[in-house]
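# Remarks on the overall topology
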Amino acid sequence: MEILDKLLNVALLVATLRTTAPILLVALGGSFTTKAGIFNIGLEGQMLVGAFFAVLGSIWSGSALIGVACGVVAALVFALAFAVLVVSFRANEVVVGLALNILAGGMTISLMKAIFGTRGSIVGQKIVGLPKVQIPGARDLLGSWAPLVSGYTPMVYVAFVAVPFLVLFYKRTRLGLYIRVVGEKPEAAEALGISITRVRYTASLLCGLLAGLAGAHLSLGYITMFTENMSSGRGFMAVAILIFSAGDPLKVLAGCLLFGFADAFSLRLQTFGFPSYLILAVPYLVALVALFALSYRSRPRIIRETLESMKKMLSVETKPAETGNNLPR
Amino acid sequence: MSDTSPAKRQETTSPAENAVELIDITKRFGAFVANERVNLRVKRGEIHAIIGENGAGKTTLMNILFGLLQPDEGRIVLNGRETIVTDPATAIDAGLGMVHQHFKLVPSLSVADNVFLGMEIRRNGLIDQAAQIEKTRELSERFGLKVEPQERVSLLSVGIEQRIEILKVLARGARTIILDEPTAVLTPQESRELFQTLRGFVADGMTVIFISHHLEEVMEVSDTVTVLRHGKHVATRPTAELTKDDLVRMMVGRNVSFDRRRRTKTAGEVVLDVKNLWARDERRLPALRDASFTVRAGEIVGIAGVAGNGQTELAEVLAGLRPASHGSAMLKGRDLTALTPAAIRDAGFAHVPGDRMVRGVDGSASISSNLLMGRQFKAPWSRNGVLDWDGVAKQAVEMIKRFDIRARGPEDTVKRLSGGNIQKVVLAREFTNDADFLLIDQPTRGVDIGAQESIHDEIMRQRAAGRAVLVISVQLDELLTLADRILVMFNGRIMGEVEGDSADSERIGMMMAGLNASAASEVAA
Ligand SMILES: Nc1ncnc2c1ncn2[C@@H]1O[C@H](COP(=O)(O)OP(=O)(O)O)[C@@H](O)[C@H]1O
Ligand SMILES: [Mg+2]
C-alpha cells in the first residue's frame, strides 16, 4: 500500500502532464497533415531542428522567446521542404519524411560541432530557458493539488489548450473543414474549386509550427540543453498515435496522455532500482500495446488486410479439405 | 439564390423559349470524335431525356454544357443569350446545375455541411451550422427531398446521397438541372421517388435534362427525347409520339429483342454443390444463411433478390474472398471454402465480379494487361515462365474482336472505356479460361442495350458449351431471359426456386419481399 502511495500521487500526475506536453504538441501538429491526407513521418526531424535552433536562438539573443521563435522558424523550413517535395512534386511521403529526419539528425550534430566544437550536447548558463508560469491564487484554492494546474512551462499550457481549439477548428472553421475534405475526398474538393495544393501546404506549415513549439519545449522547458537526437522517438510515437487516432484531437490527447503516463511511471519505477534500459522501453511498449488494443476494431485498412490475408493463409494450410464442422457462432 | 443575376433577370423580362440550346457542337479527343455537330434544344419547363448507348457521347455533351469541357466547334445559348461557358462557375451563374454520375460527397460531414460545402454560411468567422441546417431543411421541404440535415453522410443510402447532390445544386440557385444517369444506382422504389421530384421541379417552372439508357423510365418520365448514337444526333421527338421499339432502333440502329432465350435442356452432371453455407458480413452478423443448391453442367442458375440480401456475400464466399462460417461449396469434388482465390481459379472457376472497377479490372492498366491477368504463367501468354508479349498482344487483338470491345486498340487504358466495354473486357478474360464453372455477378449492370444483348449471347454460348453458370442479378428481367432455374434470396436465405420456363415475376417478387415459396404461390394464385 505504501509503495502504491509512493507511486501514485499528485507528483506523478504532474509528471504525466509534463511529459505528455511535447508529444501532444507534435502530435497535434501531425493532426493537420493527417487530416489533410498526408502521411507525415517527418515530425521527428521537425521537432529535432526546433529543439536545436531554439537553444541556438536563446544563446545568441539571450531571450527564451526569441529562442522559441528560432526553433519554430527552423521547423517551418523543414515543413516547407516537406510540402514542396510531397505536395508539389508528388514525391513519396515516407521517403521524404525519412530523408528529412536523417537530415535533421545529421545537421544538428555537425552544426553543434561547427559552432560549439562539442559532440553530444550543448549545456551551459548562457541558455535561457522558458520561465515557469505560476497561476495566481492556485495555492490558496487547491492547496496541495495546486501543482496540477500551476507552475508548468508555457508550452504545457499551449499543448493542452490547443486541443479544444483544434476540435473547434475542424468543426467550425472553413480552413478546418477544407483540410478534412481534402484528406477525405479530394475529388469533392476539386469539384467545388477548393485548391488541394494550397490546403495541403497550409496543413504542412501548421504542422511545422506545432512541431517547432514541441522541439523548443524539449530544449528550453524543464531542462535547458540540447543533446544529440533529443527528440528520442517522440515524433515517431506521435505518428503511431496519429495512425490510430486518424488525427482526431481528442483521441490524440488520449493517446498522448497514455504515453505520458507510462513515461512518468517508468521514471518513478527507476527510483526503485529496476534496470533502466528495460524501464526506458516501458512507455513505448505500453503505449503501443494499448493503442493497438484500443483501436483493434477500427484498425486501419492496411493492417486489417494484412492480418486477414495472414489468417487466410494459415487457415488454408491447417484446414482439412472437408470442412463444415465449425458451427456458426 | 441571387434574384438579380443577369440570367434570371432576362428570364423574367423576355422569357426565351429554350432554356438551353447547343448548336453544332463538335468535340474531339485526339482523333476520336465524341460529339459530331450535335444539336440540342431544351424547352423551358420540360423534362428532356437524352438517351444513347454507353459511349454515345452523352456525358461529354453535358460536360461541355456545364463548362467542364470546351467544345472544338459550336455555340451554346443559355436562356436566349449566347454564352461561352468557360468553367462550371459560369454555368452555375447562368442557372445551370449538374448532378454527376459519380457522387462527390464527403462521408464524415453532415448533410448540411455537404450541401453548403464551398459556400459556407459564416458568422464571426465561424461556420454557422445552425443556419446551414435551417436552410437545408427549408430547401428539403420546399422541393420534397427528404433529408435529415444533421445526419452524417456515411450512414446514408445511395438514394439519399443523390438527394443531397440535388440539394447542393438547388442551394446554388439552379433552374435547369442536368442529371447524368441518375437511376443507375437507385432501387426501383427510389427511382420512382426521384421522378416525382423531377416532376415537381418542372411544375415549379424549372427545366430538367436527364440522361439515361433505361427505356422504360425515359418513356415514363420525359416530355421530349433526344437520341445520340456514336456521337451524332439521331432525333429529338416528343416522347408521346414514340414507342419503346422506336427508341431501341434509334439508339442501336437495329432491332434488339429481349425475349426469353430459346434453349434445349442440356443439364448434365453436378458441377457446383453448395451445402448449408453460412457467412458473416463486415459487422460480423450472418449475411448468408444456410444456402444449399447445385449448378449442373450446361445449365444457367439465376439468383434473384433485392440488392443487399446476401448475394454479394454468396459470390464472395464462392470466389474465396470471404470466409465461410459454416458449410461447404464443392466444385467437382473440391471444397472452395478451404482454398485461396488463386487455387479456386485453378480448380476451374471463372468469376465476373459485381463491382468491375474494384475486382474486375485494373482501370489504369491496358486492355491487353487486363486480359492477361491470372494466366501469366500459361501458354500462349508466356513461354518457359517468361511473358511472351507478342502472344499477349495477339490474344488481346483476337479477344477484342470476338467480344466486340470498342476501343482504340489493345493498349488503350481500361478506365477510358465505357462501362459496357469494361464489362466486356472482364467477360473476355473470364470466358476464355475453359473454366467448368462461371460465376457472373450482375452481368449487365450499367451496360447499354446493344451490349446487353451481346453479353447475353455470350452467356448462352457458354451454356451451350456445357459450362455450369451461376448468374446473380438484381434485374429480374435479365434472369427471366437467361436462367433455367431461378433461386430467390431474401435476408441471406434462399426463399425458393422457380423454373425459368414457367417463371412468374409476381411470385418471384413475393419471395424477394420475404414470403417463402409456398406462401408466395398461394398469394400469387
Ligand atoms: N477525356 C477523354 N479522353 C478521351 N476519350 C474520352 C474522354 N472522355 C470521353 N471519351 C470517349 O468519348 C466517348 C463518349 O464518352 P461519354 O460521353 O462518356 O459517353 P456516354 O456518357 O454516352 O456513355 C467514349 O468512347 C469515351 O471513351
Ligand atoms: Mg456517361
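All residue numbers refer to positions counted from 1 along the written sequence of the respective chain. As they are written, the chains are lettered A onward and the ligands numbered 1 onward, keeping that order. Selection of residues for local features in this predicted model requires a pLDDT of at least 70, selection of side-chain atom pairs for listing and counting requires 80 or more, and totals for whole chains, interfaces and linings are taken over all residues. With hydrogens and water set aside, each side-chain value is computed from the structure's full complement of heavy atoms.

Labelled according to an unreviewed UniProt entry, chain B appears under the name ABC transporter ATP-binding protein, originating from Mesorhizobium retamae.

An unreviewed UniProt entry annotates chain A as ABC transporter permease originating from Mesorhizobium retamae. Quoted straight from UniProt, the Subcellular location (unreviewed entry) entry for chain A says "Cell membrane". UniProt positions are given in the numbering used here, feature names are shortened, and annotations may be inferred rather than shown by experiment.

## Topic: the packing of helix α11 (residues 234-245) of chain A against helix α12 (residues 249-270) of chain A
All names here are of chain A. Only the stretch in contact is used when fitting a helix axis, every axis being a line fitted to C-alpha atoms; angles between N-to-C directions are given from 0 to 180 degrees. A run of H or I in DSSP becomes a helix once it reaches four residues, and a run of E becomes a strand once it reaches two; helices and strands are each numbered from the N terminus. Relative orientation of the contacting elements α11 and α12 amounts to 140°, with a least axis distance of 9 Å. When the interaxial angle is binned, α11 and α12 end up oblique. Note that α11 runs across α12; the crossing there is right-handed. Touching Met-237, Ile-241, Leu-242 and Ser-245 of α11 are Lys-251, Val-252, Gly-255, Cys-256 and Phe-259, all from α12. Here the contact of α11 with α12 is composed, by residue class, of 6 nonpolar, 2 polar and 1 charged. Here is the rule for angles: anything less than 35 degrees is roughly parallel, anything more than 145 is roughly antiparallel, 65 through 115 is roughly perpendicular, and the remaining ranges are oblique. Put simply, a crossing is left-handed when the front helix is turned counterclockwise from the back one by less than a right angle, and right-handed when it is turned clockwise. Only heavy atoms matter for contacts: two residues are in contact if any of them lie within 4.5 Å across the pair. Polar here means any residue outside two lists: the nonpolar Ala, Val, Leu, Ile, Met, Phe, Trp, Tyr, Cys and Pro, and the charged Asp, Glu, Lys and Arg; Gly therefore counts as polar.

## Description of the packing of aromatic side chains
All names here are of chain A. In this analysis, rings of Phe, Tyr and Trp, with Trp reduced to its six-membered ring, are considered paired at centre separations within 6.5 Å, and the interplanar angle assigns stacked below 30 degrees, edge-to-face beyond 60, and tilted for intermediate values. Evaluated as defined, the whole model comprises 10 aromatic pairs over all chains. Between the aromatic rings of Phe-32 and Tyr-170, the centroid separation amounts to 6.2 Å while the plane-to-plane angle is 55°, which identifies the pairing as tilted. With Phe-32 in helix α2 (residues 10-35) and Tyr-170 in helix α7 (residues 154-172), the pair connects residues that are 138 residues apart, well separated along the chain. Of the two residues, Phe-32 and Tyr-170, both sit in the buried class. Judged by centre distance (5.1 Å) and plane angle (75°), the rings of Phe-52 and Phe-226 are edge-to-face. Of this pair, Phe-52 sits in helix α3 (residues 43-61) while Phe-226 sits in strand β2 (residues 226-227), and the two are 174 residues apart along the sequence. For each residue, the accessible area found with a 1.4 Å probe, counting protein chains only, is set against the maximum for its type, and the residue is called buried under 20%, exposed over 50%, and partly exposed in between. Relative accessible area serves as the criterion here: at 0%, Phe-226 is assigned to the buried category. An aromatic cluster is defined as three or more aromatic residues linked by ring pairs; in this entry it consists of Phe-32, Phe-169 and Tyr-170. One cation-aromatic arrangement involves Arg-18 over Tyr-222; the distance from NZ or CZ to the ring centre is 4.5 Å. In this structure, Lys-35 packs its charged tip against the face of Tyr-170, placed 5.2 Å from the ring centre. The criterion is that NZ of a Lys, or CZ of an Arg, lies within 6 Å of the ring centre and within 35 degrees of the ring normal, and then a charge sits over that ring.

## A closer look at the interface of chain B and chain A
Counting residues at the interface gives 29 residues for chain B and 26 residues for chain A. Accessible-area loss on putting two parts together, using a 1.4 Å probe and summing over both, is the definition of buried area adopted here. Both sides together, the interface formed by chain B and chain A hides about 2600 Å², and carbon and sulfur atoms give 54% of it. Each salt bridge in this description consists of a side-chain nitrogen of Lys or Arg and a carboxyl oxygen of Asp or Glu lying within 4 Å of one another. Close ionic contact of Glu120(B) with Arg174(A) constitutes a salt bridge, the shortest N to O distance being 3.2 Å. Broken down by secondary-structure element, the contributors of at least two residues to the side of chain B that touches chain A are β8 (126-127), β13 (270-280) and β16 (324-331) of chain B.

## Points about the UniProt feature "transmembrane region" (unreviewed entry) in chain A
With numbering matched to this structure, UniProt assigns "transmembrane region" (unreviewed entry) to residues 7-32, 38-57, 64-89, 95-116, 149-170, 201-223, 235-262 and 274-294 of chain A. Annotation note: span residues 201-223 of chain A, helix share 87%, strand share 0%, distance between end C-alpha atoms 33 Å.

## Some thoughts on the site of ligand 1
Residue and element names in this part refer to chain B. By nearness alone, every residue bordering ligand 1 is listed as Phe-29, Phe-32, Ala-34, Glu-53, Asn-54, Gly-55, Ala-56, Gly-57, Lys-58, Thr-59, Thr-60 and Arg-416. Thr-59 places a polar side-chain atom, nitrogen or oxygen, 2.6 Å from an oxygen atom of ligand 1. Side-chain atoms alone can form a polar contact between residues adjacent in sequence; in general such a contact is a pair of N or O atoms within 3.5 Å, and within protein one must be able to donate a hydrogen while the other accepts it. The contact in question runs from an oxygen atom of ligand 1 to an N or O atom on the side chain of Thr-60, over 2.5 Å. Working definition of accessibility: Shrake-Rupley area with a 1.4 Å probe, residue cover restricted to the visible protein chains. Coverage of ligand 1 by the protein amounts to 73% of the 560 Å² it exposes when considered alone. For the shell around ligand 1, the secondary structure elements donating two or more residues are β2 (32-43) and α2 (58-65). The dominant element in the shell around ligand 1, judged by the number of residues it contributes, is α2, at 3 residues. Of the residues that constitute the shell around ligand 1, the class distribution is 4 nonpolar, 5 polar and 3 charged. Proximity criterion: a residue is near a molecule or strand once any of its heavy atoms comes within 4 Å of it.

## Section: unusual backbone geometry
All names here are of chain B. The amide bond that connects Ala-379 to the next residue, Pro-380, takes the cis arrangement and shows omega of 0°. Its place among the elements puts Pro-380 in the loop between α13 (367-372) and β19 (382-383). Positive phi outside glycine occurs at Gln-442, with the angle close to 50°. Note that Gln-442 resides in the loop between β21 (437-441) and α16 (449-464). Overall, Gln-442 belongs to the buried group, its relative accessible area being 7%. The phi angle at Asn-491 is positive, at roughly 50°, despite the residue not being glycine. On the secondary structure map, Asn-491 appears in the loop between β23 (485-490) and β24 (493-499).

## Some thoughts on the nonpolar core
The biggest cluster of nonpolar side chains holds 84 residues, and the ones touching the most others in it are Leu24(A), Leu28(A), Phe32(A), Val68(A), Ile122(A), Ile179(A) and Phe226(A). It is helix α10 (residues 196-220) of chain A that provides the largest number of residues to this core, a total of 12 residues. When near neighbours in sequence (up to four residues on either side) are disregarded, Ile122(A) contacts Phe52(A), Val55(A), Ile59(A), Met112(A), Phe116(A), Ile127(A), Met225(A) and Phe226(A). What makes a nonpolar core is a set of buried Ala, Val, Leu, Ile, Met, Phe, Trp, Tyr and Cys residues whose side-chain atoms join them at distances within 4.5 Å. One finds Leu139(B), Val202(B), Phe210(B) and Met250(B) within the second-largest nonpolar core, a separate group that totals 46 residues.

## Some details on the packing of helix α8 (residues 174-184) of chain A against α10(A)
Residues and elements named next belong to chain A. Put simply, α8 and α10 touch, their axes get as near as 10 Å, and they point 110° apart. Here α8 is positioned roughly perpendicular relative to α10, judged by the angle of their axes. Two secondary-structure elements touch here, α8 through Leu-175, Tyr-178, Ile-179 and Val-182 and α10 through Ile-196, Val-199, Arg-200, Thr-202, Ala-203 and Leu-206. Residues belonging to the contact of α8 with α10 are distributed by class as follows: 8 nonpolar, 1 polar and 1 charged.

## Examining the side chain of Asn18(B)
Looking at the element boundaries, Asn18(B) is found in strand β1 (residues 18-29). Not counting residues within four places of it along the chain, the set of residues in contact with Asn18(B) comprises Arg41(B), Val42(B), Lys43(B), Arg44(B), Asn79(B) and Gly80(B).

## Comments concerning the UniProt feature "domain: ABC transporter" (unreviewed entry) in chain B
Residues given the UniProt feature "domain: ABC transporter" (unreviewed entry) here are residues 20-255 and 272-516 of chain B. The distance from the first to the last C-alpha atom of residues 272-516 of chain B is 24 Å, and the span holds 34% helix and 27% strand.

## Here we look at the pairing of strand β22 (residues 468-472) of chain B
Residue and element names in this part refer to chain B. Summarising burial for β22: 5 of the 5 residues are buried, a large majority. Residues Ala-468, Leu-470 and Ile-472 line one face of β22 and the alternating positions Val-469 and Val-471 line the opposite face, and both faces are buried. By the convention used here, strands pair only if DSSP detects at least 2 bridges between them. Sheet analysis places strand β15 (residues 299-304) next to β22, joined by 5 bridges and oriented parallel. For Ile-303, the partnering residue across the bridge sits in β22 and is Ile-472. By the criterion used throughout, a crossover qualifies as right-handed when its path from the first strand across the helix to the second strand runs clockwise, the strands pointing away from the viewer. Once the chain exits β21 it traverses α16 before rejoining the sheet at β22, and the crossover so formed is right-handed.

## Topic: the domain arrangement of chain B
Residue and element names in this part refer to chain B. Structurally, chain B comprises domain 1 (1-95 + 208-248), domain 2 (270-348 + 435-524) and domain 3 (361-433). For the domain bounds, the source is a domain assignment made automatically or taken from a database. Between domain 1 and domain 3, the C-alpha centre-to-centre distance is 35 Å. Across the boundary between the two partners, domain 1 contributes 4 residues, which contact 5 residues of domain 3. Carbon and sulfur atoms make up 51% of the area that domain 1 and domain 3 hide from each other, which totals about 250 Å². When residues of domain 1 are sorted by the area they lose upon contact with domain 3, Phe-32, Asn-54 and His-230 head the list and together hold 73% of the total. Run the count over domain 1 and domain 3 and you get 0 salt bridges. The tally of links between domain 1 and domain 3 comes to 0 residue pairs in polar contact (both at pLDDT 80 or more). Looking at the side of domain 1 that touches domain 3, its residues break down into 1 nonpolar, 3 polar and no charged.

## Side note on the environment of Phe377(B)
You can see Phe377(B) is positioned in the loop between α13 and β19. Each C-alpha atom, one on Phe377(B) and one on His230(B), is 38 Å from the other, the two residues being 147 residues apart in sequence.

## Some details on the pattern of salt bridges
Residue and element names in this part refer to chain B. In this structure the tally under the stated criterion is 33 salt bridges over all chains. The shortest N-O distance in the salt bridge between Arg-249 and Asp-246 comes to 3.8 Å. You can see Arg-249 and its partner Asp-246 sitting in helix α9 (residues 244-252), 3 residues apart, about one turn around the helix. Classification of Arg-249 by relative accessible area gives partly exposed; the value is 38%. Each member of the salt-bridge network shares a partner with another, and the members are Arg-263, Arg-463 and Asp-484.

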